[in-house]
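Descriptive analysis of the structure
The lines below spell out each chain.
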Amino acid sequence: MAESEVDLESEQYEKHREAGAILAQVRDEAAERVEVGASHLEVAQWAEERIRELGGEPAFPVNISVDEEAAHATPSIGDETTFGEEMINLDIGVHVDGWLADTAITVDLSGNPELAEASEQALEAAVDIVEPGVGTGEIGAEIEDIIDGYGYNPVVNLTGHGLGHWEQHTSPNIPNRAVSQGTTLEVGDVVAIEPFATDGGGKVTEGASEEIFSLEREGTVRNRQAREALEQITEEFRTLPFATRWLETDRPEMALRRLKRNDIVHGYPVLKEDNGFLVSQKEHTIIVTEDGCEVTTEQ
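Residues numbered from 1 in each chain as written. Predicted model: local features only at pLDDT ≥ 70, side-chain atom pairs only at ≥ 80, totals over all residues. Heavy atoms only, no water.

As annotated in an unreviewed UniProt entry, the protein chain carries the name Methionine aminopeptidase and comes from Natrinema versiforme JCM 10478. Its UniProt record gives the protein chain the following Subunit (unreviewed entry) comment, quoted word for word: "Monomer." (UniProt positions renumbered as here; feature names shortened; annotations may be inferred.)

Right, dumping it as structure tokens:
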């Protein structure tokens, strides 16, 4: 987007800001509900409903990642999991008419505050250097430097990302380490910067569990439940991710299996570090401005 064409007071940016303001409040309120013995499902559903009360819509299911989990974990239907003495990452998104904000926070119940601090400080340092003309590789180098300084590793195969209209992940990617090739940020870019720090090796792999899906393409299916699910997906969620538990048809798991088999939806497996290692995460959404950036997800 050329600088001369960007109107940061236009309706789309105002909606990004509105989404960010809702999200900042919900993130902080949800984090206060994370305590030993509390229910994952209740926290997720409370946050999703709170977003709606405040005038937004969830941009994706509330992610509740525990210990070695880094992303794409959300409670299943009837989930009875409760929080223990663990490292908990809450990753939450809001949209207003398809314009998005994305944020994450670590709530440490595991007794490893420095790991949580590493991703938080890395995010602060990254946001501090954002301005038009800065390279995404420079942001990655800043993140890596801070996390290394704490004696931990950045998760190198997860990145921050741009936020589009009804699109949760667009270019540019914002790496969590120094890279020689990248993109230059410009006025008007809306990006989520999300450092992940770990005491493991720094690469996540796909687990077996899948509770989050999104529409891959339009299609037709004969099965009634799959048809009902597809109708809800295309009308309500469009291309944004959704949870199995959000589907209103009976037998939603079976409906999703059929839609997946027909390549109409795709799933997001839970991403994990190796067992026994922990992952922390901190994320803000920013708008690149003429003289720096505006953080939309700060209280």
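**Observations concerning the packing of aromatic side chains**
Evaluation of the coordinates by the stated rule reveals three aromatic pairs. Between the aromatic rings of Phe 237 and Phe 242, the centroid separation amounts to 5.3 Å while the plane-to-plane angle is 15 degrees, which identifies the pairing as stacked. Each member of the pair Phe 237 and Phe 242 is classed as buried. Among the aromatic residues, ring-to-ring pairing joins Phe 213, Phe 237, Phe 242 and Trp 246 into one connected group. A cation over a ring is seen here: Arg 33 above Trp 46, with NZ or CZ 4.0 Å from the ring centre. (Phe/Tyr/Trp six-rings, centres within 6.5 Å; stacked < 30°, edge-to-face > 60°. Buried < 20%, exposed > 50% of the residue type's maximum accessible area, 1.4 Å probe, protein only. Lys NZ or Arg CZ within 6 Å of the ring centre and 35° of its normal.)

**A few points about helix α5 (residues 224–237)**
Two residues of an α-helix separated by three or four positions point the same way, owing to the 3.6 residues in each turn. When the terminal C-alpha atoms of α5 are compared, their 19 Å separation across 14 residues agrees well with the 20 Å that a helix rising 1.5 Å per residue should span. Along α5, the residues that are buried comprise Gln 225, Ala 226, Ala 229, Leu 230, Gln 232, Ile 233 and Phe 237. Looking straight down α5, one finds that the buried residues subtend no more than 165 degrees of arc, so they occupy a single side. Of the exposed residues in α5, the ones pointing more than 90 degrees away from its buried face are Glu 231 and Glu 235. On the buried face of α5, the contacting elements are β10 (205–215), β11 (242–243), α6 (252–261) and β12 (265–272). The opening residue of α5, the one whose side-chain oxygen lies 3.1 Å from the backbone nitrogen of Gln 225, is Asn 223. The first or second residue beyond α5 is Arg 238, which carries a positive phi of 50 degrees. (Helix = DSSP H or I, 4+ residues; strand = E, 2+ residues; numbered from the N terminus. Expected span 1.5 Å × (residues − 1). Arc of directions from axis to C-beta. Contact = heavy atoms within 4.5 Å. Polar contact = N/O pair within 3.5 Å; in protein donor to acceptor, adjacent residues only side chain to side chain.)

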